Amino acid sequence: TKGRAALPALWRRVRELAPAARLTVAGTGAPAEAVLGAFADADRATVTVVPRVESPEHMVPLYRASAVLLQPSLSEGSPLAVLEAMREGLGIVA
C-alpha cells in the first residue's frame, strides 16, 4: 500500500515543527489539483506535485534538490526510490 492518504496529515505535522519546510510529491499519476486537494489549505503552497516521472534519470534533480526522502508506503519490500535516494545522499524516512 502506497500510503499516499496518510501524507497530508504527516505533512501537517512536519509543518507544525518546521514551518519553512517544502514538499515535492513525485510520480503520483494523478493531476496536481487532485493531490493538492488532500492537503490543508495552509499547506498547499508548500507542496509541489510532479504527477509523472518519465524515467529514473528524471528523478535525479529532484533527489539533489531535497534533503530527505519520505517513503509513506505502509507495506513495500525494497522500493527502488529509497535506493536511488540513498545513492544521492538523502536521509530516508519510511
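See the structure above.
Within each chain, residue numbers correspond to sequence positions counted from 1 in written order. Side-chain atom pairs in this predicted model are given and counted only at pLDDT of 80 or more, local residue features only at pLDDT of at least 70, and totals for whole chains, interfaces and linings cover all residues. The basis for every side-chain value is the complete set of heavy atoms in the structure, and neither hydrogens nor water enter the calculation.

A pairing counts as a salt bridge when a side-chain nitrogen of Lys or Arg comes within 4 Å of a carboxyl oxygen of Asp or Glu. What the rule picks out here adds up to eight salt bridges. We note a salt bridge from Asp41 to Arg44, for which the minimum N-O separation is 2.6 Å. A residue pair is termed a helical-turn pair when its members lie 3 or 4 positions apart in one helix, as Asp41 and Arg44 do in helix H3 (residues 41–44) at three residues. Ionic pairing is found between Glu88 and Arg64, a salt bridge with its closest N-O pair at 2.8 Å. Placement of Glu88 in the loop between helix H5 (80–87) and strand S4 (91–93) and of Arg64 in helix H4 (residues 56–64) is noted, with a sequence separation of 24 residues between them. Three exposure classes are used, based on accessible area relative to the maximum for each residue type with a 1.4 Å probe and protein chains only: buried under 20%, partly exposed in between, and exposed over 50%. Judged by its relative accessible area of 61%, Arg64 falls in the exposed class. When salt bridges that share partners are traced, they join Arg12, Arg13, Arg15, Glu16 and Asp43 into one network. Helix and strand assignments come from DSSP, with helices taken as H or I runs of at least 4 residues and strands as E runs of at least 2, each series counted from the N terminus.

This part is about a nonpolar patch on the surface. Where nonpolar side chains cluster on the molecular surface, the patch consists of Leu10, Val68, Leu70 and Val93 and spans about 300 Å² of accessible area. Its place among the elements puts Leu70 in strand S3 (residues 68–70). Taking the relative accessible area as the measure of exposure, Leu70 reaches 31% and is therefore partly exposed. Patch membership requires more than 30% relative accessible area and the absence of a salt bridge. Residues of like charge join within 9 Å; the nonpolar side chains Val, Leu, Ile, Met, Phe, Trp and Tyr join within 5 Å. Computed by Shrake-Rupley with a 1.4 Å probe, the accessible areas treat only the displayed protein chains as cover when residues are assessed.

Such coordinate-based values are descriptive only and should not be taken to indicate function.
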